[in-house]
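Geometric and topological summary
One-letter residues, chain by chain:
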Amino acid sequence: MTKPEPTTVNLFTISLSDHIRAIEQMASSLPLLQEIADSLIEAIRRGGTIFWCGNGGSAADAQHMAAELVGRFRRERRSLASLALTTDTSILTALANDYSYDYVFVRQVESLCRKGDVLIGISTSGNSANVCNALQKAKEIGAYTVAITGGSGGKMLQLADGCFLAPSKETARIQECHELALHMICDWVEHAFTEDKNEK
Ligand SMILES: O=C(CO)[C@@H](O)[C@H](O)[C@H](O)[C@H](O)COP(=O)(O)O
Ligand SMILES: [Zn+2]
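Residues numbered from 1 in each chain as written. Chains lettered and ligands numbered in written order. Predicted model: local features only at pLDDT ≥ 70, side-chain atom pairs only at ≥ 80, totals over all residues.

1. Points about the nonpolar core
Counting residues in each nonpolar core, the largest one holds 52 residues, and the members touching the most others are Phe-51, Trp-52, Val-118, Leu-119 and Leu-135. If you tally residues by element for this core, the top one is helix H7 (residues 171-192), at seven residues. When residues no more than four places from it in sequence are discounted, the contact partners of Leu-135 are Leu-119, Gly-121, Thr-145, Ala-147, Met-156, Leu-159 and Ala-160. (Core = buried A, V, L, I, M, F, W, Y, C linked by C-beta atoms within 7 Å. Buried ≥ 20, exposed ≤ 12 C-beta atoms within 10 Å, placed from the backbone. Helix = DSSP H or I, 4+ residues; strand = E, 2+ residues; numbered from the N terminus. Contact = placed C-beta atoms within 7 Å.)

2. Description of the site of ligand 1
As a matter of local geometry, ligand 1 sits amid Asn-55, Gly-56, Gly-57, Ser-58, Ser-123, Thr-124, Ser-125, Ser-128, Val-131, Thr-171, Ala-172 and Gln-175. Those elements giving two or more residues to the shell around ligand 1 turn out to be helix H3 (57-70) and H7. Classifying every residue of the shell around ligand 1 gives two nonpolar, 10 polar and no charged. (Near = placed C-beta within 6 Å. Nonpolar A, V, L, I, M, F, W, Y, C, P; charged D, E, K, R; others polar.)

3. Quick notes on the sheet that holds strand S2 (residues 82-84)
In spatial order, the strands read S2-S1-S3-S4-S5; together these five strands make up an open sheet with parallel pairing. The open sheet has two edge strands with one neighbour each: S2 and strand S5 (162-166). Strand-to-strand twist of the sheet, defined as the mean angle between neighbouring strand axes without regard to direction, takes the value 15°. Of the strand pairs in this sheet, strand S3 (residues 118-122) and strand S4 (residues 144-150) are connected by five bridges, and their pairing is parallel. Within S4, the residue paired with Ile-122 across the bridge is Ile-148. Lying on the sheet, H3 is in contact with strand S1 (50-54), S2 and S3; it crosses S1 at an angle near 160°. (Pairing = 2+ DSSP bridges. Axes fitted to C-alpha atoms, helices over the stretch in contact; angles between N-to-C directions.)

4. A short note on the UniProt feature "binding site: substrate" (unreviewed entry) in the chain
Per the UniProt annotation, the sites labelled "binding site: substrate" (unreviewed entry) are Asn-55, Gly-56, Gly-57, Glu-68, Asn-97, Asp-98, Ser-123, Thr-124, Ser-125, Ser-128 and Gln-175. The largest pairwise C-alpha distance within this set of annotated residues, which runs over 121 residues, is 32.2 Å, so the set is dispersed in three dimensions. For Asn-55, a count of 20 C-beta atoms within 10 Å gives the class buried. You can see Glu-68 is positioned in helix H3. If we ignore the near neighbours within four places in the chain, the residues touching Glu-68 are Phe-73 and Cys-186. (UniProt positions renumbered as here; feature names shortened; annotations may be inferred.)

5. Section: helix H2 (residues 30-45)
Taking 1.5 Å per residue as the helical rise, H2 with its 16 residues ought to reach 22 Å, and the 22 Å between its terminal C-alpha atoms agrees with that figure. Of all the positions in H2, only Ile-36, Ala-37, Ser-39, Leu-40, Ala-43 and Ile-44 are classed as buried. Looking straight down H2, one finds that the buried residues subtend no more than 155° of arc, so they occupy a single side. Residues Leu-30, Pro-31 and Arg-45 are exposed on H2 and point more than 90 degrees away from its buried face. On its buried side, H2 packs onto S1, S3, S4, S5 and H7. Just beyond H2, the residue with positive phi is Gly-47, at close to 90°. (Expected span 1.5 Å × (residues − 1). Arc of directions from axis to C-beta.)

This is the structure we're talking about:
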């Protein structure tokens, strides 16, 4: 007998329940997220910059979160130094063409990242070579390194001072957890730089 075709409703229901389960399990990671957010606050207070990198959906997250810090998330406050290493197509294409795609972030880290800065690498597999190379270089420079990943963490784990593991093995669910985790980090960072602490 052939397997019945999945219906939209079945597929959607599975996605929804997997999403809810993963998001609920994030409760146990809140202390880790607090630690990462505190490191960002410390770095910014000392004049550091928060750098971000990732591929595909994670590149979108990198840009999204840099924009939250440079612009604003929920409150009025000063602009915070942050840059996604995923946006300059001339740099990205030159590095990919002249070296290899594995070097598109590391070379930017080498030129821009200093001791006291933070590099946040976002990868659902934890194994993307360009993100791992960037974290390795940032560590050598003396920057604080953060791995935002999922499942069992992959190669990134050894390269990170702070890490968040989304509790799922599914790329899409991991990305959904990442967005929430990163928004929570932005919220706490922004709170630290907001003068009116009575604001929510
Ligand atoms: O958004 C998605 C899948 O939801 C894709 O674009 C996905 O981000 C890409 O396949 C990435 O290359 C995956 O890389 P990584 O998360 O394993 O580092
Ligand atoms: Zn996606």
